Amino acid sequence: MTSLSASVVARAPGRVNLIGEHTDYNGGRCLPFAIGLATIATVRRRDDDRLRVHSREAIPGDHRWREYVVGVVAELRRIGWEIPGLDIDLVSTLPLGGGLSSSAALECAVATAIAGLLGAPLDGAGRRLLAEACRRAETEHVGAPTGGMDQLAALLGSEGHALLIDFADPDAPTTTAVPLPVAAAGLSLLVTDTRVRHVLADGDGGYAQRRRECADGHPRRRRHVTTENARVLDAVDAIGARSWQRLGGLMTASHVSLRDDYEVSVPQLDLVVDTALTAGALGARMTGGGFGGCTLTLVAADRADAVREAVDAAYAERRWDSPRHHLVTPGAGARVLRGAG
Ligand code: GLA
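Residues numbered from 1 in each chain as written. Predicted model: local features only at pLDDT ≥ 70, side-chain atom pairs only at ≥ 80, totals over all residues. Heavy atoms only, no water.

The next point concerns the overall build of the chain. When helices and strands are counted, the chain shows nine helices and 12 strands. Here the C-alpha atoms of the chain give a radius of gyration of 19 Å, agreeing with the 20 Å that 2.2 N^0.38 yields for 341 residues. In the chain, which comprises 341 residues, the proportion classed as buried is 56%. In the chain, of all internal contacts separated by at least 6 residues, the share reaching a separation of at least 24 is 75%. Of the side-chain charges in the chain, 38 are positive and 41 negative, and the distance between the mean point of each set is 2 Å. (Helix = DSSP H or I, 4+ residues; strand = E, 2+ residues; numbered from the N terminus. Rg over C-alpha atoms; globule rule 2.2 N^0.38 Å. Buried < 20%, exposed > 50% of the residue type's maximum accessible area, 1.4 Å probe, protein only. Contact = heavy atoms within 4.5 Å. Lys, Arg positive; Asp, Glu negative; His and termini not counted. Charge placed at Lys NZ, Arg CZ, Asp CG, Glu CD.)

Summed over all chains, the structure comprises one cavity of 30 Å³ or more. Considering only enclosed or pocket space, the largest cavity measures out at about 80 Å³ in volume. Forming the boundary of the largest cavity are 10 residues, of which Ser 55, Glu 57, Ser 92, Leu 96 and Leu 106 lie nearest the centre. Those elements that provide at least two residues to the lining of the largest cavity are β5 (86-92) and α2 (102-118). (1 Å grid on protein atoms, 1.4 Å probe; cavity = no way out; pocket = protein on both sides within 12 Å on 5 of 7 lines; lining within 4 Å. Points joined across faces, edges and corners; volume = space filled by probe spheres on them.)

Taken together, 13 residues sit near the ligand, with Glu 21, His 22, Asp 24, Asp 150 and Tyr 207 positioned nearest. In the environment of the ligand, an oxygen atom lies 2.7 Å from a nitrogen or oxygen atom belonging to the backbone of His 22. Here the ligand has 310 Å² of accessible area as a free molecule, and 98% of this is covered by the chains. Class assignment for the residues of the shell around the ligand results in four nonpolar, five polar and four charged. (Near = heavy atom within 4 Å. Polar contact = N/O pair within 3.5 Å; in protein donor to acceptor, adjacent residues only side chain to side chain. Areas by Shrake-Rupley, 256 points an atom, 1.4 Å probe, with all protein chains shown as cover. Nonpolar A, V, L, I, M, F, W, Y, C, P; charged D, E, K, R; others polar.)

Reading across the sheet, the three strands line up as β2-β6-β7 and stay open at both edges, with antiparallel pairing between neighbours. With partners counted over all chains shown, the strands left at the sheet margins are β2 (29-30) and β7 (174-179), one partner each. The pairing of β2 with strand β6 (residues 161-166) spans two bridges and is antiparallel. The residue bridging Cys 30 from the neighbouring strand is Ile 165, located in β6. (Pairing = 2+ DSSP bridges.)

This brings us to the layout of surface pockets. With a probe scaled to a water molecule rolled over the atoms, the places where space remains empty come into view. Considered as a void within the structure, the second largest pocket measures approximately 400 Å³ in volume. Broken down by element, the residue count for the lining of the second largest pocket peaks at five residues, all from helix α3 (residues 124-142). Here the lining of the second largest pocket is built from residues that sort into seven nonpolar, five polar and six charged.

Let us now look at the pattern of salt bridges. Under the defined criterion, the tally for this structure stands at 21 salt bridges. Ionic pairing is found between Glu 132 and Arg 135, a salt bridge with its closest N-O pair at 3.0 Å. Of this pair, Glu 132 and Arg 135 are both found in helix α3, three residues apart, which corresponds to roughly one turn of the helix. Accessibility expressed as a relative area gives 36% for Glu 132, which makes it partly exposed. Residues joined in a network through salt bridges with shared partners are Arg 210, Glu 213, Arg 220, Arg 221 and Glu 263. (Salt bridge = Lys/Arg side-chain N within 4 Å of Asp/Glu carboxyl O.)

What follows covers the packing of α2 against α3. Between α2 and α3, whose axes approach to 10 Å, the crossing angle comes to 130°. On the basis of their axis angle, the class for α2 and α3 is oblique. Helix-helix and strand crossings are classified by hand; for α2 and α3 the assignment is right-handed. The segment α2 lies against α3, with Ser 103, Ala 104, Glu 107, Cys 108, Ala 111, Thr 112 and Ala 115 engaging Leu 130, Cys 134 and Glu 138. (Axes fitted to C-alpha atoms, helices over the stretch in contact; angles between N-to-C directions. Parallel < 35°, antiparallel > 145°, perpendicular 65-115°, else oblique. Left-handed = near helix turned anticlockwise from the far one by under 90°.)

By the definition in use, this model includes two aromatic pairs. Both rings, one in Tyr 315 and one in Trp 320, keep their centres 5.2 Å apart while their planes meet at 85°; by these two values the pair is edge-to-face. What makes Tyr 315 buried here is its relative accessible area of 1%. The positively charged end of Arg 318 is found above the aromatic ring belonging to Trp 320, 5.9 Å away from the centroid. (Phe/Tyr/Trp six-rings, centres within 6.5 Å; stacked < 30°, edge-to-face > 60°. Lys NZ or Arg CZ within 6 Å of the ring centre and 35° of its normal.)

Bringing the domain arrangement of the chain into the picture now. Per the domain assignment, the segments making up the chain are domain 1 (7-18 + 34-158) and domain 2 (183-328). Domain 1 puts 19 residues into the contact, and the matching count from domain 2 is 21 residues. Both sides together, the interface formed by domain 1 and domain 2 hides about 1600 Å², and carbon and sulfur atoms give 65% of it. Per-residue buried area on domain 1 facing domain 2 is highest for Val 16, Leu 18 and Pro 145; these three make up 34% of the total on that side. (Domains from an automatic or database assignment. Buried area = accessible area lost by both parts, 1.4 Å probe.)

Okay, the environment of Glu 228 next. Along the chain, Glu 228 turns up in helix α6 (residues 219-240). As for Glu 228 and Gly 20, which are separated by 208 residues in sequence, their C-alpha atoms are 5.7 Å apart. Of the polar contacts made by the side chain of Glu 228, one reaches the backbone nitrogen of Gly 20; its length is 3.0 Å.

Put into structure tokens, the structure is as follows:
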């Protein structure tokens, strides 16, 4: 590796999972895509060996985001990278803890910037290496027992494509880019942030409990994983055949399975899904780990506003904090913006 740059800026996106939830740590399949909301990391060499991290979005009293950064640096050092003292500045357009994988975006932005600083390759193999280091940062250093979906989506996502990931071999997941021409089909993908915050970095939380239940062979949890894995393949098939109604139906079936068999939904997620479907969406589901976070709705572009308004009205009726909506499209994975080594 060369070491030419003193300062590198890199960007890593958040992700939305189209379908295939709670399958990554169960040796299964998922179909996420990178989105336009992202975290940007600026990494500068220091003359000493200190690590200084600053974030504009720091939540007072919440120091976990620092641990993600420290974890990434530690994991890259563990695999032999000689990383000098660094000043790291973070800026994010991703809602923190909002189910769009703000933590993976943060990890991957820092890892990509450090790769740029050290002149490490950012080809497919280089990106897989970073994804694994970032996943380990999360599980080993922060204590969030997540799978590898979010980091692979942030690093290997590509414009206009979803990423089919198969974790049959958890140590060497395979990835396939799947063209997702929704806009050309007159459709929109609408993300709705329920404003209910979930916490994955909690050893006793529901996420860790679901992992244990699956490992223990809990029949209903396993049934979700089996049916969800089949739905992912059906979804890839439906996308290939441009059968958007079918894709929508699979998304909704995924939500029902996550609600009833996996039991990771909450009333706000269910309300958004039901309201979106009543307002004419082709399909809708919770996306991400659950217990809050976001939904993803597939809807004809000219119905997207009607869905949004119906969901806002349903929330207002219950006097819940207004949800936030984002139209998303499949975007590129992490990249160096400036100053590559
Ligand atoms: C979180 C985790 C992922 C995955 C999803 C559920 O986003 O970080 O690894 O397990 O939940 O599909």
